[in-house]
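Residue-level structural notes
Here is how the chains run, residue by residue.
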Amino acid sequence: RNIDQVTVGNILAVGAIGAMLSPLIIGQIADRYFNVERVMALCHFMGAAIVFRIAYATSPTELYIYSFAYGLLYTPTLGLVNAISFRHLPDSSKNFGKVRVWGTAGWVVVGISVGQWLLFRAGNDGALQFKYMADARTRAASLGIILGLYCFTLPATPPWPGREKLSPL
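Residues numbered from 1 in each chain as written. Predicted model: local features only at pLDDT ≥ 70, side-chain atom pairs only at ≥ 80, totals over all residues. Heavy atoms only, no water.

What follows concerns the overall build of the protein chain. What the protein chain contains, in helices and strands, is five helices and zero strands. Every one of the 169 residues in the protein chain was classed for burial, and the buried ones make up 30%. Across the protein chain, every contact between residues at least 6 apart in sequence was considered, and the portion connecting residues at least 24 apart equals 73%. When the accessible surface of the protein chain is totalled, it reaches about 10,800 Å², and 69% of it is carbon and sulfur. (Helix = DSSP H or I, 4+ residues; strand = E, 2+ residues; numbered from the N terminus. Buried < 20%, exposed > 50% of the residue type's maximum accessible area, 1.4 Å probe, protein only. Contact = heavy atoms within 4.5 Å. Areas by Shrake-Rupley, 256 points an atom, 1.4 Å probe, with all protein chains shown as cover.)

For H44, the location among the structural elements is in helix 2 (residues 36–54). On the accessibility criterion, H44 (10% relative accessible area) is buried. When sequence neighbours within four positions are dropped, the list of residues in contact with H44 reads Y74, T77, G144, L147, G148 and C151.

This paragraph deals with the pattern of salt bridges. By the definition in use, this model includes one salt bridge. In this structure, R53 engages E62 in a salt bridge whose closest nitrogen and oxygen atoms are separated by 2.6 Å. Overall, the relative accessible area of 32% leaves R53 in the partly exposed class. (Salt bridge = Lys/Arg side-chain N within 4 Å of Asp/Glu carboxyl O.)

To continue, consider helix 4 (residues 92–122). Helix length check: helix 4 (31 residues) gives 44 Å between terminal C-alpha atoms against 45 Å at 1.5 Å per residue, within 8%. For helix 4, the set of buried residues is S92, F96, L118 and A122. Buried positions along helix 4 lie against helix 3 (60–88) and helix 5 (133–151). At the C-terminal side of helix 4, G123 shows a positive phi close to 65°. (Expected span 1.5 Å × (residues − 1).)

At a minimum axis distance of 6 Å, the contact between helix 1 (residues 5–32) and helix 3 shows a crossing angle of 40°. The angle between helix 1 and helix 3 falls in the class oblique. Judged by the sense of rotation from one axis to the other, the crossing of helix 1 with helix 3 is right-handed. Residues belonging to the contact of helix 1 with helix 3 are distributed by class as follows: 16 nonpolar, eight polar and no charged. (Axes fitted to C-alpha atoms, helices over the stretch in contact; angles between N-to-C directions. Parallel < 35°, antiparallel > 145°, perpendicular 65-115°, else oblique. Left-handed = near helix turned anticlockwise from the far one by under 90°. Nonpolar A, V, L, I, M, F, W, Y, C, P; charged D, E, K, R; others polar.)

So, about the side chain of T77. By secondary structure assignment, the location of T77 is in helix 3. One polar contact links the side chain of T77 to the main-chain carbonyl oxygen of Y74, over a distance of 2.5 Å. Not counting residues up to four positions away in its chain, the partners in contact with T77 are M40, C43 and H44. (Polar contact = N/O pair within 3.5 Å; in protein donor to acceptor, adjacent residues only side chain to side chain.)

Printed below as a string of structure tokens:
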């Protein structure tokens, strides 16, 4: 179904609102109550389920809800991976920049690869590109599951002792 540009913009804005609120919620939970790698795994598993469902969404209302929920779940994983890196890199002040640069490079390579794959599948007809977006989302959901499983191989990163006594905000 065709969705107008305003609706697309609003769906993306709702995702951004979820992304802004998420560190206040999930970051606090990871800082105080659970191991960071387990919270990150849960976020990836739940995010994969949402992305899979987005592939088959049929109404803008569904997309609003899923975009918000995905923003809530995915965005904190960026900060959580930083927390793991700072706690476990031998010299984080020296090594973190290299880790972050290569993580970003990997993200860019995958993003360009998926975009090129969509263009290749569509051939010369750019309109067909939308037909294959469901395929791209199901693949993204599969990668989310792989990321969730990978989180269990990361070093245990429990909350700092005494953090659970702090106020939630």
